[in-house]
Amino acid sequence: MNRRHRCGPRLWAAALVLVTALGLAALPQQAVSAAEGPAVTLSKSQAGTGGSITVSGSGWRSKTLLMMLICGQSEPGKGVIGGTNSCANADGRAVTTGSDGSFSKKLPVAEPPVPCPCVVHVATVTGDKAQADAVLKVAGHPVKALPAQAGAGKLSVLTDTRLDGSSGVLTWFGAPASRTFVFTVGNVGSAPLKDPVFQVGTSHGVFAPQWEDQQWRGTIAPGRKAQIKLPVELTSGAHGNYLVSLKFGGKVLAEQPWGVGRPWGVTLFWILLCVVIPAAVFRIGMAVVDRVRPRRSGGAGRHRGGLRLSEVTARLPKLTLLEPSSRRSTDKAPGPTKASSSTTSTSTSTSTALPWFTPDTDPGAPAGQLSAPSDNSPTTKGNT
């Protein structure tokens, strides 16, 4: 029992020493890989347009999306002068690193829009910014010297960036959203900077930023600082999450997120348009149908614009059949009663002036007689 208790601590001590030794042996390799950072190698150092090369990388973050471009007017130590405007963006390729931070993919060779010296530029699309360059000679592409630096001045962003401004009513209806990019920089170099040119870019999602040169008027002396205000504007109808980037001397100095709301006014306009236009077409069609269709002669009281009731009454046929019936009733009645009744009817007809007692309705009445024919009957004369 005592031997077992004595051997146990010795075994544990030996195992602890072995694990510590293995950890110390792995530390230098990790430190070296961390110090090296992202690296890029090419299968060929020179290739012509239309061919392809294999780009390999190591030391990148795992599961990271990268963009590979062939850029001109650049060197590995000086970066890409002019940003992605100096690269063949149409022939770029995207690649995702593995779990160990390495990748390998073919890249077609294309001529950049500016002369060489050229590089294969690899940079991260999302997350922390990281980039690496490898020299490539594009056969047949012109070569020019890099532009001289405009002084030894260097700028550094001293304060947090911000976007000033707000959206108006027109932006709600699809007008371009605009802001003012405000930041403070300091000249950490040994020479003054006069009228520095900044590059402001806006990116949306995984797309690369579209850079635009903007010159600030003024001089920043060594050791001095200045507040810079640059306008930023998006395209019409742009909405979503954007990222505004600031670059100077080929290096990104600052980034600022920008959330742009959806232009709901445009959606409301299209909804109203889809409702108003069919209603207007329906009204026009009904008006055309109402004007083209034939009018009914007997439907004056049913349709608008027809004949009035007085006009219909005036056009009714004259009732001449009542006169013989009144004459027969007169012949049957006694004389005095007949005369009084005829006199009453005559006065009533004269006062009311009914249309069927007019002279031209009775063909047997004498001309110029305005009373009823029953007054001139032989029976009435005999009684008188």
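See the structure printed just above.
Keep in mind it's a predicted model, so treat the numbers as computed, not measured.

**Let's talk about the sheet that holds strand β10 (residues 131-139)**
Here is step 1 of the chain: If you walk across this open sheet you meet the 5 strands as β2-β10-β9-β4-β7, and the pairing is mixed. A single partner strand is all that each edge strand has here, and the edge strands are β2 (46-48) and β7 (93-96). Geometrically, the sheet is characterised by an average inter-axis angle of 35° between neighbouring strands, direction not taken into account.
Here is step 2 of the chain: Of the strand pairs in this sheet, β2 and β10 are connected by 3 bridges, and their pairing is parallel. Among the inter-strand pairings, alanine 47 is bridged to a residue of β10, identified as valine 138.

**Considering the pattern of salt bridges**
Side-chain pairing between opposite charges can occur once the charged atoms of the two side chains come close.
Here is step 1 of the chain: The tally for this structure, following the rule as stated, stands at 3 salt bridges.
Here is step 2 of the chain: With a shortest N-O distance of 3.1 Å, aspartate 164 and arginine 162 are connected by a salt bridge.
Here is step 3 of the chain: Of the charged contacts, one joins aspartate 195 and arginine 217 as a salt bridge, the two residues approaching to 3.7 Å between their closest N and O atoms. Linking aspartate 195 in the loop between β14 (193-194) and β15 (197-204) with arginine 217 in the loop between β16 (210-215) and β17 (219-220), this pair joins segments that are 22 residues apart in sequence.

**Regarding the nonpolar core**
Here is step 1 of the chain: Counting residues in hydrophobic clusters, the biggest one holds 23 residues, and the most contacted among them are Phe183, Phe198, Ile228 and Trp258.
Here is step 2 of the chain: Grouped together as the second largest cluster of nonpolar side chains are 20 residues, Ile53, Leu66, Ala132 and Val138 included.

**Some thoughts on the side chain of histidine 121**
Here is step 1 of the chain: With respect to the element layout, histidine 121 can be found in strand β9 (residues 118-124).
Here is step 2 of the chain: Residue histidine 121 is classed as buried on the basis of its relative accessible area, which comes to 11%.
Here is step 3 of the chain: Aside from chain neighbours lying at most four places away, what touches histidine 121 is Met67, Met68, Leu69, Cys71, Val80, Gln131, Ala132 and Asp133.

**Brief notes about the state of the cysteines**
Here is step 1 of the chain: Under the counting rule described, the total for this entry stands at 2 disulfides.
Here is step 2 of the chain: Disulfide partner of cysteine 71: cysteine 87, at an S-S distance of 1.9 Å. Taking the torsion about the sulfur-sulfur bond, which here is approximately 95°, the covalent link between cysteine 71 and cysteine 87 counts as right-handed. Remark: cysteine 87 occurs in the loop between β6 (79-80) and β7 and cysteine 71 occurs in strand β4 (residues 65-71); sequence separation between them is 16 residues.
Here is step 3 of the chain: Residue cysteine 71 is classed as buried on the basis of its relative accessible area, which comes to 0%.
Here is step 4 of the chain: With relative accessibility at 4%, the residue cysteine 87 sits in the buried group.
Here is step 5 of the chain: Each sulfur of the disulfide joining cysteine 116 and cysteine 118 lies 1.8 Å from the other.

**A word on the pairing of strand β13 (residues 178-187)**
Here is step 1 of the chain: Most of β13 is tucked away, with 8 of its 10 residues classed as buried.
Here is step 2 of the chain: Bridge count for strand β12 (residues 162-164) against β13 is 3 bridges, and the pairing is antiparallel. Bridge assignment links arginine 162 to a residue of β13, and that residue is valine 182.
Here is step 3 of the chain: Where β13 and strand β18 (residues 225-233) come together, 9 bridges link them in antiparallel fashion. Note on β18: the bridge partner recorded for serine 178 is glutamate 233.

Rules behind the numbers
- Residues numbered from 1 in each chain as written.
- Predicted model: local features only at pLDDT ≥ 70, side-chain atom pairs only at ≥ 80, totals over all residues.
- Heavy atoms only, no water.
- Pairing = 2+ DSSP bridges.
- Helix = DSSP H or I, 4+ residues; strand = E, 2+ residues; numbered from the N terminus.
- Axes fitted to C-alpha atoms, helices over the stretch in contact; angles between N-to-C directions.
- Salt bridge = Lys/Arg side-chain N within 4 Å of Asp/Glu carboxyl O.
- Core = buried A, V, L, I, M, F, W, Y, C linked by side-chain atoms within 4.5 Å.
- Buried < 20%, exposed > 50% of the residue type's maximum accessible area, 1.4 Å probe, protein only.
- Contact = heavy atoms within 4.5 Å.
- Disulfide = S-S within 2.5 Å.

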